[in-house]
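Spelled out from the first residue to the last, the chains are:
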Amino acid sequence: MESKLLKEREGSVCYNSKNKDKKMKCDGNSVSGSVSQRACVYCGARVVLNPITDAFHLVHGPIGCAAYTWDIRGSLSSESENYRNSYSTDIREKDVIFGGEKKLAAAIDEIVAEHSPKVIFVYSTCIVGVIGDDIDAVCRAAETKYAIRVIPVKAPGFSGNKAVGYRAACNAILSLMGEKKSPTIKGINILGDFNLAGEMWIIKNYLRRIGVNVVARITGDSTCDEIKEAPTANLNIVQCAGSMHYLANMMKEKFGIPYMNISFLGLQDIKASLINIAEFTQDEEVIQKAKDLIFTEEKKIEDILNHHKKRLSGKKVAIYVGGAFKAISLIKQFRELGMETVMVGTQTGKEEDYDIIKEITLEGTVILDDTNPSELEKFILEKKADILVGGVKERPLAYKLGIAFCDHNHERKHALCGFEGAVNFAEEIDLTINSPVWNLI
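So, here's what we can say about the structure. Just so we're clear, the structure is a prediction, and the values are computed from it rather than from any experiment.

### Structural notes on the sheet that holds strand S6 (residues 188-191)
Reading across from one edge, S7-S6-S8-S9 is the order of the 4 strands in this open sheet, with parallel pairing throughout. The strands lining the two open edges of the sheet, one partner per strand, are strand S7 (214-218) and strand S9 (259-261). On average, adjacent strands in this sheet sit at an angle of 20° to one another, irrespective of strand direction. Where S6 meets strand S8 (residues 235-238), 4 bridges bridge the pair, whose relative direction is parallel. In the sheet register, Ile190 faces S8, and the bridge partner there is Ile237.

### Focus: the environment of Cys43
Locating Cys43 in the fold gives a position in helix H1 (residues 41-49). In this structure the C-alpha to C-alpha distance between Cys43 and Val96, which are 53 residues apart in sequence, comes to 22 Å.

### Describing the side chain of Thr361
Mapped onto the elements of the fold, Thr361 is located in the loop between helix H14 (351-360) and strand S12 (366-369). Separated by 2.9 Å, the side chains of Thr361 and Asn16 make a polar contact. From its side chain, Thr361 meets the backbone oxygen of Ile357 in a polar contact 2.7 Å long. Not counting the four nearest positions on each side in its chain, Thr361 is found in contact with Asn16, Lys18, Ile331, Arg335 and Ile367.

### Notes on the pairing of strand S13 (residues 387-390)
The side chains of a regular strand alternate, first on one face of the sheet and then on the other. Alternating positions in S13 separate into two faces, Ile387 and Val389 on one and Leu388 and Gly390 on the other, with burial throughout. Sheet topology places strand S10 (residues 316-321) next to S13; 3 bridges connect them, and they run parallel. When the sheet's bridge partners are listed, Ala318 is paired in S13 with Leu388. With helix H16 (residues 395-400) bridging S13 and its parallel neighbour strand S14 (residues 404-407), the resulting β-α-β unit is right-handed.

### Quick look at the packing of aromatic side chains
Under the counting rule described, the total for this entry stands at 8 aromatic pairs. Where Tyr399 meets Trp438, the ring centres are 6.5 Å apart and the plane angle is 35°; that geometry is what we call tilted. Taken as a pair, Tyr399 in helix H16 and Trp438 in the segment after helix H17 (418-433) lie far apart in primary sequence, 39 residues in all. The exposure class of Tyr399 is partly exposed, given its relative accessible area of 40%.

Reading the values: rules and limits
Going along each chain's sequence as written, the residues are numbered from 1 onward. Totals for whole chains, interfaces and linings use every residue, but because this is a predicted model, local features are given only for residues with pLDDT of at least 70 and side-chain atom pairs only at 80 or more, for both listing and counting. Side-chain numbers here rest on the full set of heavy atoms in the structure, without hydrogens or water. When DSSP finds two or more bridges between two strands, those strands count as paired. Strands are runs of DSSP state E lasting at least two residues, helices are runs of H or I lasting at least four, and both sets are numbered from the N terminus onward. Every angle, taken between N-to-C directions, lies between 0 and 180 degrees, and every axis is a line fitted to C-alpha atoms, over only the stretch in contact when it is a helix. Residues adjacent in sequence count toward polar contacts only when both atoms are side-chain atoms; beyond that, a polar contact is any pair of N or O atoms within 3.5 Å, and within protein one must be able to donate a hydrogen and the other to accept it. Any two residues having at least one pair of non-hydrogen atoms within 4.5 Å are treated as being in contact. For each residue, the accessible area found with a 1.4 Å probe, counting protein chains only, is set against the maximum for its type, and the residue is called buried under 20%, exposed over 50%, and partly exposed in between. Looking down the strands as they point away from the viewer, one classifies a crossover as right-handed if the path from the first strand across the helix to the second runs clockwise. Note on aromatic pairs: the rings of Phe, Tyr and Trp (six-membered ring only in Trp) are paired at centre separations within 6.5 Å, and the planes decide the class, stacked below 30 degrees, edge-to-face beyond 60, tilted for the rest.

By themselves, these figures tell us nothing about what the structure is for.
Okay, here's the thing in structure tokens:
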């Protein structure tokens, strides 16, 4: 028997009809107890801030919250490994009854005594939101006592959705940056790359080769000190619009720094991003270097990508990822490999994102927001997809349905951005789709 959509979900799912008047219902709050692939507020905040390599992350809540995001990302560091540690107040029943503020203050005292930190981020979780601990007051007292930054991150999981957590993290970053400064350095900040499998290093190397200085990385492989210098840059480039668009807007308002959305996923977006960044400098030498880099790197991988394209052409793709900007880049990247996207969904997409997705996909493509496993299964089977691209939660579903899977989430250990990443991506898609294991199912 064919499964049907719940009435409450009908506005969040559509078949692409190119009807610009029909808008997707999206960007709503996750409902406690509902089956959703969307993560909580705390998760959104933690995954943005966690890659700051020399910061200390203190989770005010039950131990499970700290364990949930402890070193689950593939973010790499060229300096401190401190960010791989997680600290928790381990709230229990007694603290729920009598309050946990004293326990939080004691935890901060212990971290300062043992580690002499520069910055501590203090996360409030669901239970703290319920019992009403005043973490702002505790953090202010600690800052006065130790003359360091102790920054509250209000992230009770039930208070919204993952995107709300992104904004909480961005507000914490703004707090770390401090008061108004004027752009003084001819350089850029990279927003929204978290150095998964070393991807920040790839992007920074491209920019070095074309003569563009990087002031701050926010937040992959970053340090507290460089984030404090971010307001002195004269441009922000935003790789993950879902997590960093809010910060880019706030930095434009507060510091006068313009921004542009970029993507280093897929050849079309890689080339456009490099040229747009170079043209912003209005330096003919930088622009020429960008063109030369593109020509050289594209030539290196041309034959490899053509080989994989022959083996993948005509295959059908289902995409379900966190951010809409990544989904848009993936649709283009699969098209470069001769593959058709038949289903695409995101956790944090907005109306304007889904309008773009409608423009670049074929009529009949299924588009979904904040979906669930039942809907994913329904449309993967209906559209006869050959591969599902998603995160760790989607992997078992793909294998259950007997189709290939590509992990494009935080846990991966190989780079998928840049020209090198385009090769890795094509090789992985080819290996999984054309694996002989599917002949045995």
